[in-house]
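# Analysis of the macromolecular model
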Amino acid sequence: MKYTRLGRSGLNVSRICLGTMNFGPVIDEHASIGILDAAVAAGVNFIDTADVYGGPPWGPYNGQTEEIVGRWIESGGSARRESIVLATKVHGTMGDGPNERGLSALHIRQGVEASLRRLKTDYIDLYQMHHIDRAVPVDEVLEAFSLLKQQGKIVYLGSSNFAGWNIAQYQELSRIAGSTGLVSEQSLYNLAQRTLELEVIPAAEHYGLGILPWSPLGGGILGGVLAKADRSRSAGAVEKLGDRLPQVERYEAFAARLGHGAGDLALAWLLHQPAVAAPIVGPRTLDQLEGGLRALEIELTDADLAELDEIWPGPGGAAPEAYAW
């Protein structure tokens, strides 16, 4: 396994982060625990979840995924808990009450206590805001997280789905307050969806945040969809590609020429991006986990990266040069 620092922090995390959103709603607890065990055995120390995982529309109730992860942690005792970097999130709707969502100081307090109970731990290594909440003053949000740090309930603070200016706002107010601020930003980022390169990645690099890409395979577009459709004799997946079909055809042919699986290549490309700390892989099977781990061994040349840029062009660099002089 390869490890890296999470942004400018001193925290060492595996280059692959195990995402758990499928635990409970998609795969049962037995299979989920098997994936957790296999990931840790392979050297993965970074596990990401969220309070809303396990809830509708897939699962029966919010918190189900955290509960599965918590029972797995408890079964391994203190040694297991201390060997992993545990990340979860707060913001999503957890009930019908008006204060059971968002980033008010009250909901943050209630959210962390509930997550700690479900995860069967007394601290969270990386506590992330699952989305920006523009209705709550930033100083209220930061004060709430600062209190959790003082209480020893969280160690690091991260964001998710923030715009570049949100990152700047949080970091500047944190600097004024004399606090560390954010160490990571979890965002949608993959070869087929590169909008992040306009504003978010430049902000993250400037302020020392590690990027944690979610949906690294673009919802399956980058996972070998054509090859899978050929094997299953199903045209449905191909029809959904629409005008992206030529790109996917060229991409899968290029992956085959390099001798890699399409999904492995997509993850390897992310691992070659300087701002990326760890792509979040959400395997449903052990085979999918192994595919994510294979990406760590892929070395891409400058020519390989240039061809991938031709197949899946980004926005043209950072703003404003991407669209102006």
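Each remark here, short or long, concerns the structure printed above.
Computed from a prediction, not measured in an experiment: that's the story for all the values here.

Here we come to helix H9 (residues 245-258). The terminal C-alpha atoms of H9, which comprises 14 residues, lie 20 Å apart, in line with the 20 Å expected from a rise of 1.5 Å per residue. Buried within H9 are the following residues: Val248, Tyr251, Glu252, Phe254 and Ala255. Around the axis of H9, the buried residues are gathered within 160 degrees of arc, so they sit on the same side. The exposed residues of H9 that point more than 90 degrees off its buried face are Pro246, Ala256 and Arg257.

On to the side chain of threonine 49, then. Relative to the helices and strands, threonine 49 is located in the loop between strand S4 (46-48) and helix H2 (64-83). A polar side-chain atom of threonine 49 sits 3.1 Å from a polar atom in the side chain of threonine 20. Dropping the residues within four chain positions of it, threonine 49 is found in contact with Thr20, Thr65, Glu66, Ala87, Thr88, Lys89 and Leu119.

Our focus in this paragraph is the packing of helix H3 (residues 105-119) against helix H4 (residues 138-150). It is the contact of H3 with H4, at a shortest axis distance of 9 Å, that shows an interaxial angle of 30 degrees. One element, H3, and the other, H4, form an angle in the roughly parallel class. Two packed elements cross with a definite hand, and for H3 against H4 that hand is right-handed. Counted together, Ala105, Ile108 and Val112 of H3 and Glu140, Val141, Ala144, Phe145 and Leu148 of H4 form the full contact between these two elements.

What counts and what doesn't
Residues numbered from 1 in each chain as written. Predicted model: local features only at pLDDT ≥ 70, side-chain atom pairs only at ≥ 80, totals over all residues. Heavy atoms only, no water. Helix = DSSP H or I, 4+ residues; strand = E, 2+ residues; numbered from the N terminus. Expected span 1.5 Å × (residues − 1). Buried < 20%, exposed > 50% of the residue type's maximum accessible area, 1.4 Å probe, protein only. Arc of directions from axis to C-beta. Polar contact = N/O pair within 3.5 Å; in protein donor to acceptor, adjacent residues only side chain to side chain. Contact = heavy atoms within 4.5 Å. Axes fitted to C-alpha atoms, helices over the stretch in contact; angles between N-to-C directions. Parallel < 35°, antiparallel > 145°, perpendicular 65-115°, else oblique. Left-handed = near helix turned anticlockwise from the far one by under 90°.

So far we have only geometry, and geometry alone does not tell us how the molecule works.
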